[in-house]
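# Secondary and tertiary structure notes
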Amino acid sequence: MTGTVFDIGYQRYTGTREGRARSRSAVFKDGFRTALGLGRGGRAKILPWLFLAALSAIGLIMALVAGAANMFGGEGTAEKMNLPTHSDFNGIASVVMFVFAAVVGPDLLCRDKRDRVINLYLVRPLTGTDYIVSRWAAFLLVMTVAAVLPQVILFLGLCMSNLAPLKYLQTHWTDIPKFVAAGAAMALYTTTISMLTASFTSRRAYASVFLVGLFVISAPFVFGLSQELEGAAGQWLSMFSLTNIPVHVNDVIFGKVSEMTEGAPAHTLPHWILVSWYFGWVIVPGLILWARYRRLTP
Amino acid sequence: MMPASAGEALLSVEHVTKRYGKVIALDDVNFTITDGITGILGENGAGKSTIIKILLGLVKPTSGSAKILGQVASDSVLVRTRVGYMPEHDCLPSEVSAAEFLTHMAECSGLPPDAARTRAADTLRHAGLFEERYRAIGGYSTGMKQRVKLCQALVHDPAFVFLDEPTAGLDPAGREEMLTLIRKTHREFGISVLFSSHLMADVERTCDRIIVLRGGTVVHSGEVSHFMKETQTVFIEVDTNRDRLLAALQARGVAVTQEAGGLTVEGGDESVYDLVRDALVDSEAPLRRIGPRRHELTELFQRDAT
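Just so we're clear, the structure is a prediction, and the values are computed from it rather than from any experiment.

Within chain A, the regular secondary structure consists of 13 helices and zero strands. In sequence order, chain A lays out its α and β elements as α-α-α-α-α-α-α-α-α-α-α-α-α. Principal-axis analysis of the C-alpha atoms gives chain A an extent of 75 × 60 × 30 Å. Counting only residues that meet the buried cut, chain A has 43% of its 298 residues in that class. Considering only contacts in chain A between residues 6 or more positions apart, those separated by 24 or more positions represent 78%.

Time to look at the overall build of chain B. Counting its regular elements, chain B contains 10 helices and 13 strands. The principal-axis extents of the C-alpha atoms in chain B amount to approximately 75 × 50 × 35 Å. For chain B, buried positions account for 45% of its 306 residues. The long-range fraction of contacts in chain B, counting pairs at least 24 apart against all pairs at least 6 apart in sequence, stands at 68%.

Moving on, we come to the interface of chain B and chain A. Accessible area lost on assembly of the parts is the figure often given for the size of an interface. Taken together, the contact pairs 37 residues of chain B with 35 residues of chain A. Going through the elements one at a time, helix H2 (98-108) and helix H3 (113-126) of chain B are the ones with two or more residues in the side of chain B that touches chain A. Considering each element in turn, the side of chain B that touches chain A owes the most residues, five residues, to H2(B). Classifying every residue of the side of chain B that touches chain A by side-chain character gives 17 nonpolar, 10 polar and 10 charged.

Let us now look at helix H5 (residues 172-187) of chain B. Residue and element names in this part refer to chain B. For H5, with 16 residues, the first-to-last C-alpha span of 22 Å sits near the 22 Å given by 1.5 Å per residue. Looking only at H5, the buried set comprises Met178, Leu179, Leu181, Ile182, Thr185 and His186. Down the axis of H5, the sector holding all buried residues measures 160°, keeping them to one side. Exposed residues pointing more than 90 degrees away from the buried face of H5 are listed as Pro172, Ala173, Thr180 and Arg187. Lining the buried residues of H5 we find strand S3 (37-41), helix H4 (142-154), strand S6 (160-164), strand S7 (192-197) and helix H6 (200-206).

The next point concerns the sheet that holds strand S2 (residues 23-33) of chain B. Residues and elements named next belong to chain B. Taken together, the three strands give an open sheet; going across it, the order is S2-S1-S4, and neighbouring strands pair in antiparallel fashion. Strands with a single pairing partner mark the edges of an open sheet, and in this sheet they are S2 and strand S4 (63-68). Taking the axes of each pair of neighbouring strands and ignoring which way they run, one obtains an average angle of 20° across the sheet. Of the pairings in the sheet, the one linking strand S1 (residues 11-20) to S2 comprises seven bridges and is antiparallel in character. Bridging from a neighbouring strand, Lys18 pairs with Leu26 of S2. Against the sheet, helix H1 (residues 48-56) makes contact with S1, S2 and S4, and its axis sits at roughly 115° relative to S1, the strand it touches most.

Turning to unusual backbone geometry, a few remarks are in order. For residues that are not glycine, phi is negative in most cases, and the peptide bond is trans in most cases. Residue and element names in this part refer to chain B. Although it is not a glycine, Leu69 sits at a positive phi angle of roughly 50°. Residue placement: Leu69 occurs in the loop between S4 and strand S5 (83-86). The phi dihedral of Asn241 is positive, around 55°, even though this residue is not glycine. Residue placement: Asn241 occurs in the loop between strand S10 (230-238) and helix H8 (242-251).

Residue and element names in this part refer to chain B. Overall, mixed pairing links the six strands, which are arranged S5-S6-S7-S3-S8-S9 in an open sheet. Bordering the open sheet on either side are S5 and strand S9 (217-223), each of which pairs with just one other strand. On average, each strand axis in the sheet is inclined to that of its neighbour by 15°, with strand direction left out of account. The sheet contact formed by strand S8 (residues 209-214) and S9 spans six bridges and is antiparallel. The residue bridging Leu213 from the neighbouring strand is Val218, located in S9. With respect to the sheet, H1 is in contact with S3, S5, S6, S7 and S8, its orientation differing from that of S6 by roughly 150°. Each of S3, S6 and S7 touches H5; the most contacted strand, S7, lies at about 150° to it.

Take the nonpolar core next. Phe139(A), Leu55(B), Leu56(B), Leu102(B) and Val161(B) are the most contacted members of the largest nonpolar core, which totals 139 residues. Excluding residues that lie within four positions of it along the chain, Phe139(A) makes contacts with Gly31(A), Ala35(A), Gly105(A), Leu108(A), Thr191(A) and Met195(A).

Turning our eyes to something else, we now look at the packing of helix H9 (residues 175-198) of chain A against helix H10 (residues 204-228) of chain A. For any two helices packed against each other, one specifies the crossing angle of their axes together with the interaxial distance. Residue and element names in this part refer to chain A. In the contact formed by H9 and H10, the axes pass within 9 Å of each other and the chain directions differ by 135°. One finds that H9 runs oblique with respect to H10. Relative to H10, H9 is oriented so that their crossing is right-handed. Two secondary-structure elements touch here, H9 through Ser194, Thr197 and Ala198 and H10 through Ala207, Phe210 and Leu211. Residue composition of the contact of H9 with H10, by class: four nonpolar, two polar and no charged.

This part covers the environment of Glu177(B). Residue and element names in this part refer to chain B. Residue placement: Glu177 occurs in helix H5. With 19 C-beta atoms counted inside 10 Å, the residue Glu177 sits in the partly exposed group. Considered as a pair, Glu177 and Ile68 are 109 residues apart in the sequence and their alpha carbons are 28 Å apart.

This brings us to the confidence of the model for chain B. Mean pLDDT for chain B: 87, with 92% of residues reaching 70 or above. Element-level pLDDT for chain B is lowest in helix H10 (residues 297-305) of chain B, with a mean of 61, against a maximum mean of 96 in H2(B).

Cut-offs applied
- Residues numbered from 1 in each chain as written.
- Chains lettered and ligands numbered in written order.
- Predicted model: local features only at pLDDT ≥ 70, side-chain atom pairs only at ≥ 80, totals over all residues.
- Helix = DSSP H or I, 4+ residues; strand = E, 2+ residues; numbered from the N terminus.
- Buried ≥ 20, exposed ≤ 12 C-beta atoms within 10 Å, placed from the backbone.
- Contact = placed C-beta atoms within 7 Å.
- Nonpolar A, V, L, I, M, F, W, Y, C, P; charged D, E, K, R; others polar.
- Expected span 1.5 Å × (residues − 1).
- Arc of directions from axis to C-beta.
- Pairing = 2+ DSSP bridges.
- Axes fitted to C-alpha atoms, helices over the stretch in contact; angles between N-to-C directions.
- Core = buried A, V, L, I, M, F, W, Y, C linked by C-beta atoms within 7 Å.
- Parallel < 35°, antiparallel > 145°, perpendicular 65-115°, else oblique.
- Left-handed = near helix turned anticlockwise from the far one by under 90°.
- pLDDT = per-residue confidence, 0-100.

The structure is reproduced here in structure tokens:
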């Protein structure tokens, strides 16, 4: 059977044009794919998936340990032994979360600046605000998944390892909204700080090194200094431990001080101060980030 | 929003002035552009990029108004769904395939995903990159990257496209391919073009109209054919005996001037050609070329500079 190929020439596009909503969702979708290395070579996938695997592994190990304790020691043994659970996860996994945000987050903005693709976005039906909000939201989704997925694994693990899974679900279902809220708080904070840092450079490596330094160095430095300055001064100073800020909110949500923050003098401060401090660290950097991109288009 | 019909202004710039502090980038610029290929010429700092940025809505003019397809782009970003822009500098991601990148750019211009995918493949086919569409852009040659840049400006089927120095950095073959594509963009695709360039030859061969900017003001604008019309002079090029030919012409009372590459004789009527013929015979100068001379666009700049 033979066929003939006809060149019908250039065809004008007569279909629908969906405007800004489509443009925003395209930037959001591309940001999500970039963060996870989708549609790119194997090397681009290594880091994000390694971090997701590491975070999931933490949730899985916590579930296995608690499950084994319950299985061999009888129901409720894990709680009696005070093994780490949902309220402790964000404290335990926070270093991995911060490094994940530091290494992967800047890629969403730095690459566009380095390759100058941002100039092509801004001549499309997008404003600077549309662009940065879409990119920020894309990475927020990735970070929220990274923060909540291990908690889901942990919850399912604890549920399945229980002799009466339905009874466990009935008594512990309130953990679900708590760990979702705590995960979202962690994601919101890490995403905003990471994006703001990335907005100042076109080199991902510079942003990543700065962020890792900021998160990793600030914690022991502030901790040591706050121990020296006892009393109220030490208490207030310990609030500047950047890794502890979202974990304090985690403690407020769960109503329990986690292992990570119990040594920080700030944990005794009133909840409203800890929560306000957290929102300050999200809102102010968020506004600076927005202002930096808003001025790209008049 | 429909493309403007023939003769209707696609772009209109009225009394546009743009100041950056004390520096005047554009000073009371006025022009309109209708269907076709228009070249915008000017030296560095003449205001070419500023006027393009104003028309795209990326910069607001200090005074005056610049409209594209009847709208001010900075007032309504939606007008950009019908406008394409190809920047001069590199602007392509290296790790992504051309097909994926163009699909994304089409979606960013408001096309639904399926249509975006189809348009990306079609546009790459018209630019001669169909076979290479799944390769990462980082592995493309300069000419291929330049064509991808043009494709991203066309993928959403705009009514008007801005091309900023589209032949920059290309070898002669690549430059020829790019100019052919630009002509095709208007003549076959029906998309009007504003083409900024430093290269007179490219503008002469490609554009229907030109706008010449100097120091932020429009110094010339009109049809390219008008600027390139025949002059009342005859250009003669010979292989040898040029001095003898010059003397023979002067002996016949012909006003003649020497130029690099040949002699220019004043007057374009038949009697001048007769005198030139006789002078060629007397001087035994082997004729290589003779013909009426045309203005060149470079003269516009030389004239303004002097």
